[in-house]
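# Close look at the chain arrangement
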Amino acid sequence: MTDLELLREYEPIVRFTAGEQFFPCAVDEYVKGCSLWLRDPAGRSRLVVARGALDLDRLAAHGGEPALSLRFVDAPLSALEYRQWRHRPQRVRFHAPGRLARVPPWSRLLDSAFDLSLLVRGRVPGGTAAAAEVKYRALLTRDDRPVYYARVVRAGGWTVLHYLFFYVMNDWRSTFHGANDHEADWEQVFVYLYQTDDGRREPRWVAFASHDYHGDDLRRRWDDPLLLKDGAHPVVFAAAGSHASYFERGEYVMGVEPGFLRPVKRLAAGLRRFWVERLRQGGLDAVDRTIDALINVPFIDYARGDGVAIGPGGDRDWTPFLVSDDVPWVDRYRGLWGLDTQDPFGGERAPAGPKYNRDESVRLSWFDPLGFAGMNKVLPPPEQPPALQRRRDQLAVEIEELDGRIAERRRAVQTLALDVDALRATERSSAVHEQAAAVLRAAEAELASLKARRNRMTRIGEALDRYSGSVHAGVPDPPDAHLRHVHAPDSTPAPHRALQVWAALSGGVVLLAVVVLVAVVPAHAVFWAVVFGLCFATVEAAAAGRLTDFLLSVAIVLAVITAFILAREFWRWLVVIMLGVGIVIMIHDNLRELAGDR
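About the criteria used
Residues numbered from 1 in each chain as written. Predicted model: local features only at pLDDT ≥ 70, side-chain atom pairs only at ≥ 80, totals over all residues. Heavy atoms only, no water. Salt bridge = Lys/Arg side-chain N within 4 Å of Asp/Glu carboxyl O. Helix = DSSP H or I, 4+ residues; strand = E, 2+ residues; numbered from the N terminus. Buried < 20%, exposed > 50% of the residue type's maximum accessible area, 1.4 Å probe, protein only. Pairing = 2+ DSSP bridges. Axes fitted to C-alpha atoms, helices over the stretch in contact; angles between N-to-C directions. Parallel < 35°, antiparallel > 145°, perpendicular 65-115°, else oblique. Left-handed = near helix turned anticlockwise from the far one by under 90°. Nonpolar A, V, L, I, M, F, W, Y, C, P; charged D, E, K, R; others polar.

Going through the model one piece at a time under the given rule, you end up with 28 salt bridges. With its nearest N and O atoms 3.0 Å apart, the salt bridge here joins Glu29 to Arg142. Here Glu29 is found in helix H2 (residues 27-32), whereas its partner Arg142 is found in helix H6 (residues 128-142), with 113 residues between them in sequence. As a salt-bridge pair, Glu348 and Arg173 come within 2.9 Å of each other at their nearest N and O atoms. On the criterion of sequence distance, the pair formed by Glu348 in the loop between helix H10 (328-332) and helix H11 (364-367) and Arg173 in helix H7 (residues 172-176) is long-range, its members being 175 residues apart. Note on Glu348: relative accessible area 0%, which makes it buried. Among the charged side chains, a salt-bridge network with shared partners connects Glu29, Lys32 and Arg142.

In this section: the sheet that holds strand E3 (residues 45-49). An order of E3-E2-E4 is seen for the 3 strands of this open sheet, with the pairing classed as antiparallel. The open sheet is flanked by E3 and strand E4 (68-71), the only strands paired with a single partner. Strand-to-strand twist of the sheet, defined as the mean angle between neighbouring strand axes without regard to direction, takes the value 40°. Pairing geometry for strand E2 (residues 35-39) and E3, over 4 bridges, is antiparallel. Of the residues in E3, the one forming a bridge with Leu38 is Arg46.

On to the packing of helix H13 (residues 384-426) against helix H14 (residues 431-472). A pair of packed helices is characterised by two quantities: the angle between their axes and the separation of those axes. Where H13 meets H14, the axes come as close as 8 Å, and the angle between the chain directions of the two elements is 160°. With respect to their mutual orientation, H13 and H14 come out roughly antiparallel. For the crossing formed where H13 meets H14, the hand is left-handed. Across the contact of H13 with H14, the residue classes tally to 24 nonpolar, 6 polar and 14 charged.

Shown next, in the form of structure tokens:
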């Protein structure tokens, strides 16, 4: 079977959300519609190749120059053109409840700060996505084939099918209220095959690229019930606008972490370790979710799968193209595939190509597709039994060697103990006795360490024996055993309309209140801040339908404050009463003990 036949056998089915405007397409027509730009060290952009004079060969020829970028849209649509574009008859309307109603007030405040940051960051100008959609429709009149680029990589006993999808535009922010917009978008899917003892290739794992997730969390096993398949074709649910790939249909709450809050996250992670690992309070996943909710700006990825489906049995079939290091435009062009906004956070900058990162280094997913999904440590199923046997044999040899060292060290400790016993009996307080005792303690600690290591290795050996039995019996691990963070779709019901309206207003209301407190009543800012906080919390609770619980909480807090004030005013009497009660309890216990003795 050729590489192309192998790729076609397992090519994915991508299901999009209704309202999606951009679908995987060929890069040649896109490049012909772009101009090529060079950014100098001062940050100024200079035209290198004008629109209409560029193709893939010429792009590859310029690929060795640093700081290159393509530009697909010359200028955003005007206000009138944009209005006409929004009201075009064939446009599919997208509807979703307000995302901010799903997150706490602090996250909404971060969202307001994130929106303000776009004013000073490099960003894709408004109307660019609309202009890109107009050009994209024109591009489709010349080549409307849904395209994926793919390659086959063989490493570590695995055959990796690497599928790459190119989109003209990521319009997540402007169309679907997401985190960013940028020209061009590359997404990727992996299928990992192994060879059986009779020479057949079988699928074992699938990995989908999705935002900042990495390693083990990117992949699912072929027999995982959450991995939807149509025959041998895995189903991908592509998020609207961002084109991130998901295993399940649904809406996903995503968090964008502002850079200035990373120290706060590190501090919170340290407190998390103390709270969970030392005090044994709660679980790591629950604490991680709480931390993320507090420091991340929330966005929604809509992967509903209710729109166009591309792939076997879908609305359209794929046209595949093989790529490799031998393809000039893949290997030589290291620049960006769209507008370079120079956004320092990177969210609004176009991506580099299938092989390179924005800094022109080679992508991990390209040079190590196993490591990209945490697969370097995973053995193909036929290699597991002999590998387990080799490890058990190796461990038996190590334990035997360790037993010899333990016996030798035990004899040394016994000899040192004789020296210490003799010195204690004859020269108890001498410096020689103290030094010998210190040497003995060190030798005992070393012996204890060797025995602990021996115990650990014994337990590993026992676990290997049990696991080997499961493997030989054909009992698989749970399909999700490798996952650290399961990113499931949001299952909460749509919030009430009142909460959606309040959530949209609340971030701006808080910022306005801060301005008023600082500018108008700075002398009484603390008092009015408390008043505003109570009013804000009351409205928040009412909008969320939790007003009764909130008022009860306020009553409890007021009761605690009242108790503190009373304790401060009458602390002497409280001390006398507490001592009196303590004395009575003490005398009662003593008399009861005395009566029991008789």
